Amino acid sequence: MAKVLMKGNEAIGEAAVLAGCRYYFGYPITPQSELPAYLARRLPEVDGVFVQAESEVAAINMVYGAGSAGARVMTSSSSPGISLKQEGISYIAGAEVPCLIVNVMRGGPGLGNIAPAQSDYWQATRGGGHGDYRTIVLAPNSVQEMADMTIAGFEFADRFRNPVLLLSDGVLGQMMEPVNLPEPRDYDVNSKKWALGYKGSDKTERNLCSSIFLDQDELEEHNWHLYQKYQVVTDLFSKGEFKDFAVEEHLCDDAEIILVGYGIISRILKTVVEKCRKRGIKAGMVRPKVLWPFPTGVFERLAKTASQFLVVEMSCGQMVEDVKLSVDGKKPVFFFGRTGGTVPSDFEILNEVDKLVRPD
Amino acid sequence: MSKWVINESLCKGCGLCIARCPLKILAYADHLTPKGVYPAAITDESKCTSCAICARSCPEVAIEIYKEEK
Amino acid sequence: MTMKKVFSRPASLSKTPFHYCPGCDHGVIHRLVAEAIDELEVADRTIGVAPVGCSVFAYDYFNFDFNQAPHGRAPAVATGIKRTRPESIVFTYQGDGDLAAIGTAEIIHAANRGENMTVVFVNNAIYGMTGGQMAPTSLIGMKTQTSPYGRDAATAGHPIHMSEMIATLESPVYVTRVTINNVANLMKAKKAILNAFKLQKEGKGFAFVEVVAICPTNWGKKPADAHKWLTENMLPVFPLGTFKDTHGVEKAA
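Residues numbered from 1 in each chain as written. Chains lettered and ligands numbered in written order. Predicted model: local features only at pLDDT ≥ 70, side-chain atom pairs only at ≥ 80, totals over all residues. Heavy atoms only, no water.

**Let's talk about the overall build of chain B**
- Helix and strand counts for chain B come out as two helices and four strands.
- When the helices and strands of chain B are placed in sequence order, the string is β-α-β-β-α-β.
- The C-alpha radius of gyration computed for chain B amounts to 11 Å, which stays within 12% of the reference 11 Å derived for 70 residues, consistent with globular compactness.
- Summarising its shape, the C-alpha atoms of chain B cover approximately 40 × 20 × 20 Å along the three principal directions. (Helix = DSSP H or I, 4+ residues; strand = E, 2+ residues; numbered from the N terminus. Rg over C-alpha atoms; globule rule 2.2 N^0.38 Å.)

Set out below in structure tokens:
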């Protein structure tokens, strides 16, 4: 297929359709409104279902219902709306229903503003709602990856029967870039044996989608089952099949200072690394593309060769904690962030690098 | 075969069937079930018309009703 | 002499004993739902949605697929299921805390979208599972755990009339309030629940059956006395009747 120029939010919408997603439930919020608008137009063309729900709470529960009935289904929102969806995400994770949830992050806390931010990292990677659970968190840094990771997200969700979160931000959602769209793939709503309404001849008993286990031993058993699943996911992303999918390294082999950032920040960091190299500073960059499970291994390895790390985020410092846990005190980990909707410039970050590399 | 059959293990002794029987031929039995309930029992089945009011009233769906076929 | 079976457990109702308190109306209402499903011969394509509240385990009592929804969200979950599998018969079973308090938005908007589903709303004017707190449908002066001096309209408002509210919307095709305080009313309730499922089977749209019910345990009354109290106190506030019947299903019957 030829490249097309698209907004990030729209690329997610088209990629979802190409991935076989025919069900979208959402509620308008800036800066992701192009996504529901795109799907409101696009889904009827492919006999899909678009419902503008009465709230984010209702939308995520429609996703729970559709997912439990076997649909490849998604919702999207931005930070305050994702907070409202947390109740449903907890139930969906507990009941092991696959779905894709897109968060085009904006400034918080509270109503904050509509400018891009990365301050929902903790919410995204720690579960977000109540209970012992995890969501797989993907962090694109381009319009191309908005599309690619949407498709990958549906695949991960189905494979692991788990909600997948696409953690984007207002810049990626709004910016336009050329994108290569993949070939469409088919998805059969009747392909999941466990789903409600499944019609296969191999169905021997009724199906149940539930997150309640009133007996404490049963709930403990269920939670350990979830934990084991998360371990399998962690292994696949850290050393298995998806090892390369999980992280991008740029000029790290001889680097003395490793810059760390995800999403749109990583694009700026690449420029910073270039400028550093021109000035004789041996800088490299690590970009986690998957935020949960966090790619700890790369930091453990680089802690042996690099002398320091600088984590840059559009927050007061959230992912920096995971980097510190991974580096495990072996090398100093510093932080630079802008928050409230401000995107740091390469110049600002370069200044920070200078302070660390030339501390006089 | 009886017209009135109760699954005593389901009965919780709520007494709704006893209260609603139009012929007043239901009463609590004088034995306890393993759950510790005095279950409903029929006192004079010959009077039972198989109207099923008791069975329809039973929240546990514990009663089955049969009728003599002529 | 041969004996003919007059009444027995409907096939769609599982053999699991109910966990409900002695005399609780849920058992009968569950049975009426199962009977409707069996009479319409749709058990193999029925999907239920259980609420949070006393009937949270409703899924244990039926022999078909079930989803257990978050508190109040059953109509949203049911929307997702029905939109995905339009050939299914989808229903929610909700209490007054679930439907009339925390899930008010979800029920109103599912009704307003005219989702082709059936809602069975059990209104017993109190929270059962959490131990007898005031519900939006609690009567004025009613003493509960959280209205120990009686519900005061000045601070807690008046009992909310869900059927009347939903009947003001254009989309719903059937809105009715029934009770099971005696066998005559119980038979009317059975018919109403059957109507509500029949309309869905025919693709007619959103059908809502409110069942005014008892909570003997939290009302502190014996089951038969609770039905008497319901008749004398609840029915004047929640009058029985059909508020909307777009397709004349009651006349046709």
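Having seen it, we continue.
**A short note on the sheet that holds strand β1 (residues 4–6) of chain B**
- Strand order across the open sheet formed by three strands is β1(B)-β4(B)-β1(C), with antiparallel pairing between neighbours. Of all the strands in the sheet, the pair left with one neighbour each is β1 of chain B together with β1 (3–7) of chain C. For this sheet, the mean angle separating the axes of adjacent strands, direction not counted, is 30°. (Pairing = 2+ DSSP bridges. Axes fitted to C-alpha atoms, helices over the stretch in contact; angles between N-to-C directions.)

**Quick word on empty space enclosed by the protein**
Residues and elements named next belong to chain B.
- Evaluation of the coordinates by the stated rule reveals three cavities of 30 Å³ or more.
- Considered as a void within the structure, the largest cavity measures approximately 130 Å³ in volume.
- If you trace the largest cavity, you find 17 residues lining it, with C11, G13, C14, C17 and C58 closest to the centre.
- The greatest single-element share of the lining of the largest cavity, amounting to three residues, is contributed by helix α1 (residues 16–20).
- Each pocket or cavity is described by its volume, and for the second largest cavity that value is around 80 Å³.
- Lining the second largest cavity are 14 residues, and of these C21, I25, C48, C51 and C54 lie nearest its centre.
- When its residues are assigned to classes, the lining of the second largest cavity shows twelve nonpolar, two polar and no charged. (1 Å grid on protein atoms, 1.4 Å probe; cavity = no way out; pocket = protein on both sides within 12 Å on 5 of 7 lines; lining within 4 Å. Points joined across faces, edges and corners; volume = space filled by probe spheres on them. Nonpolar A, V, L, I, M, F, W, Y, C, P; charged D, E, K, R; others polar.)

**Observations concerning the arrangement of the chains**
- Counting contacts across all two pairs of chains that touch, the top pair turns out to be chains A and C.
- There is a clear gap between chain A and chain B: no contact, and 20 Å between their nearest C-alpha atoms. (Contact = heavy atoms within 4.5 Å.)

**Brief notes about the layout of surface pockets**
Residue and element names in this part refer to chain A.
- The computed volume of the largest pocket comes to approximately 560 Å³.
- Taken together, 24 residues form the lining of the largest pocket, with R134, Y227, Q231, T234 and W292 sitting closest to its centre.
- Of all the elements in the fold, those that place two or more residues in the lining of the largest pocket are α8 (216–238), β13 (290–292), α11 (296–305) and α12 (319–327).
- In terms of residue count, the dominant contributor to the lining of the largest pocket is α8 (eight residues).
- Within the lining of the largest pocket, the residues separate by chemical class into ten nonpolar, nine polar and five charged.
- In this structure, the lining of the largest pocket is formed jointly by two domains, domain 1 (4–179) and domain 2 (248–357), each of which donates at least three residues.
- By volume, the second largest pocket amounts to about 330 Å³.
- In terms of lining residues, the second largest pocket is bounded by 18 residues, among which S90, G94, H130, S211 and L219 are the most central.
- Among the elements of the structure, α4 (79–95) and α8 are those that each provide at least two residues to the lining of the second largest pocket. (Domains from an automatic or database assignment.)

**Some details on unusual backbone geometry**
Residues and elements named next belong to chain A.
- With an omega dihedral of 5°, the bond running from G108 to P109 counts as a cis peptide bond.
- If you trace the backbone, P109 turns up in the loop between β5 (99–105) and α5 (121–125).
- In the segment running from W292 into P293, the intervening peptide bond is cis, with an omega of -5°.
- If you trace the backbone, P293 turns up in the loop between β13 and α11.

**Structural notes on helix α7 (residues 183–201) of chain C**
All names here are of chain C.
- An ideal rise of 1.5 Å per residue puts 27 Å on 19 residues; α7 measures up with 27 Å between its terminal C-alpha atoms.
- Taking the backbone nitrogen of A184 as reference, a side-chain oxygen 3.1 Å away marks N182 as the first, capping residue of α7.
- Two residues or fewer after α7 comes G203, characterised by a positive phi angle close to 75°. (Expected span 1.5 Å × (residues − 1). Polar contact = N/O pair within 3.5 Å; in protein donor to acceptor, adjacent residues only side chain to side chain.)

**Some points on the interface of chain A and chain C**
- Listed as interface residues are 33 residues of chain A and, on the opposing side, 30 residues of chain C.
- Here chain A meets chain C over a buried area of about 2,500 Å², counting both sides, of which 57% is carbon and sulfur.
- For chain A, the biggest contributors to the area lost against chain C are E54(A), R206(A) and I212(A); these three give 24% of the whole.
- For the pair chain A and chain C, the interface holds four salt bridges.
- At the junction of chain A with chain C, the criterion picks out 20 residue pairs in polar contact (both at pLDDT 80 or more).
- Breaking the side of chain A that touches chain C down by element, the ones donating at least two residues are β2 (23–26), β3 (49–52), α3 (56–68), α4 and β9 (208–209) of chain A.
- Looking at the side of chain A that touches chain C element by element, the count peaks at eight residues for α3(A).
- Here the residues of the side of chain A that touches chain C are counted per class, giving 20 nonpolar, eight polar and five charged.
- Two strands pair when backbone bridges link them, and β9(A) and strand β3 (residues 65–68) of chain C are joined in this way by two bridges, in the parallel orientation. In the strand pairing of β3(C), L208(A) is matched with F66(C). (Buried area = accessible area lost by both parts, 1.4 Å probe. Salt bridge = Lys/Arg side-chain N within 4 Å of Asp/Glu carboxyl O.)

**As for the packing of helix α1 (residues 8–18) of chain A against helix α2 (residues 34–42) of chain A**
Residues and elements named next belong to chain A.
- Interaxial distance between α1 and α2 falls to 7 Å at its minimum, and their mutual angle equals 40°. Judged by the inter-axis angle, α1 sits oblique to α2. Crossing geometry of α1 relative to α2 is assigned as right-handed. Residue-level contacts link N9, E10, I12, G13, E14 and V17 of α1 to E34, L35, Y38, L39 and R42 of α2.
- Residue composition of the contact of α1 with α2, by class: five nonpolar, two polar and four charged. (Parallel < 35°, antiparallel > 145°, perpendicular 65-115°, else oblique. Left-handed = near helix turned anticlockwise from the far one by under 90°.)

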